[in-house]
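Report on the structure
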Amino acid sequence: TWTLRTAAGPERTAFDYAAPGDGVVWLTSVVHYTDGTRSPQFPGQGDPSLVQKLLVDATPPRVTISDVRRVGDEVTVDYVLTDEFLNPSATVVRYRGAGGDWQAVPKGNVGRTSARFAPGVAGPLTVQVTAVDLAGNETPVTRELGGPTT
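Before going into details, it helps to say that this report is about the structure given with it.

Basis of the calculations
- Residues numbered from 1 in each chain as written.
- Predicted model: local features only at pLDDT ≥ 70, side-chain atom pairs only at ≥ 80, totals over all residues.
- Heavy atoms only, no water.
- Helix = DSSP H or I, 4+ residues; strand = E, 2+ residues; numbered from the N terminus.
- Rg over C-alpha atoms; globule rule 2.2 N^0.38 Å.
- Buried < 20%, exposed > 50% of the residue type's maximum accessible area, 1.4 Å probe, protein only.
- Contact = heavy atoms within 4.5 Å.
- Areas by Shrake-Rupley, 256 points an atom, 1.4 Å probe, with all protein chains shown as cover.
- Lys, Arg positive; Asp, Glu negative; His and termini not counted.
- Charge placed at Lys NZ, Arg CZ, Asp CG, Glu CD.
- Phe/Tyr/Trp six-rings, centres within 6.5 Å; stacked < 30°, edge-to-face > 60°.
- Core = buried A, V, L, I, M, F, W, Y, C linked by side-chain atoms within 4.5 Å.
- Pairing = 2+ DSSP bridges.
- Patch = residues over 30% accessible without salt bridge, like charges linked within 9 Å, V, L, I, M, F, W, Y side chains within 5 Å.
- Salt bridge = Lys/Arg side-chain N within 4 Å of Asp/Glu carboxyl O.

Take the overall build of the protein chain next. A tally of regular secondary structure across the protein chain gives zero helices and 11 strands. Going from N to C terminus, the protein chain has its helices and strands arranged as β-β-β-β-β-β-β-β-β-β-β. A compact globule built from 150 residues would reach a C-alpha radius of gyration of about 15 Å, whereas the protein chain, at 24 Å, exceeds it by more than 25%. Every one of the 150 residues in the protein chain was classed for burial, and the buried ones make up 25%. Looking at the protein chain alone, contacts between residues at least 24 apart form 58% of all its contacts between residues at least 6 apart. Accessible surface, the protein chain: about 9,900 Å² in total, of which carbon and sulfur atoms supply 51%. The average position of the 13 basic charges and that of the 16 acidic charges among the side chains of the protein chain differ by 5 Å.

This is how it looks when you write it as structure tokens:
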């Protein structure tokens, strides 16, 4: 079912549309001629290229780092990523030692709920998990991890 949301006269080259919220929106247009005819006759009929499917997503993902722990030479980060339109393959986990540069954890070591890596740094670390959704909204969250325990 199509609902008329906005109209623009022939003097306009565009029209404005404000989505009611995040989600999938389908848009199409119908041209009304001065003789009373329309093209296409009804929305969604005719050339399929006139129908646009849009993903409206203005809400960034939520990231919760639930645990960061060091066991021997490895660090494990457990996290929860929440977003209706999450792009899990775009998740980035990085770390750095005190005063060091950010180092990306290899993608093969980053999963949907955790990452595991050997930082090669014995001292304290800062770990960052960045979630990205399909619209490109990003949320980075950092957590500190002390040096190794004895």
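With that settled, consider the packing of aromatic side chains. Within this structure, the stated rule accounts for one aromatic pair. Between Tyr95 and Phe117, the aromatic rings sit 4.7 Å apart at their centres with planes inclined by 15°, giving stacked as the arrangement. Pair noted here: Tyr95 is in strand β7 (residues 92-97) and Phe117 is in strand β9 (residues 114-117), with a separation of 22 residues, a long-range link. Under the relative-accessibility criterion, Tyr95 is labelled buried at 11%. Classification of Phe117 as buried rests on a relative accessible area of 3%.

Looking now at the nonpolar core. Ranked by size, the top nonpolar core spans 18 residues in total, and within it Val77, Tyr79, Val93, Phe117 and Val129 carry the most contacts. Put simply, the parts of the chain that give this core at least two residues each are β5 (62-71), β6 (74-82), β7, β9 and β10 (125-132). For Tyr79, the contacting residues outside a window of four places in its chain are Thr64, Ile65, Ser66, Thr91, Val93, Val110, Gly111, Arg112, Thr113, Ser114, Ala115 and Val129.

Take the sheet that holds strand β11 (residues 138-145) next. Taken in spatial order, the four strands of this open sheet run β8-β7-β10-β11, and their pairing is antiparallel. Two strands bound the open sheet, and with one partner strand each, they are β8 (103-104) and β11. In this structure, β10 lies alongside β11, joined through eight bridges in antiparallel fashion. In the strand pairing of β11, Gln128 is matched with Thr142.

A cluster of nonpolar side chains, namely Trp2, Val24, Trp26, Leu55 and Leu134, defines an oily patch on the protein surface of about 500 Å² accessible area. Tracing the sequence through the fold places Trp26 in strand β1 (residues 23-27).

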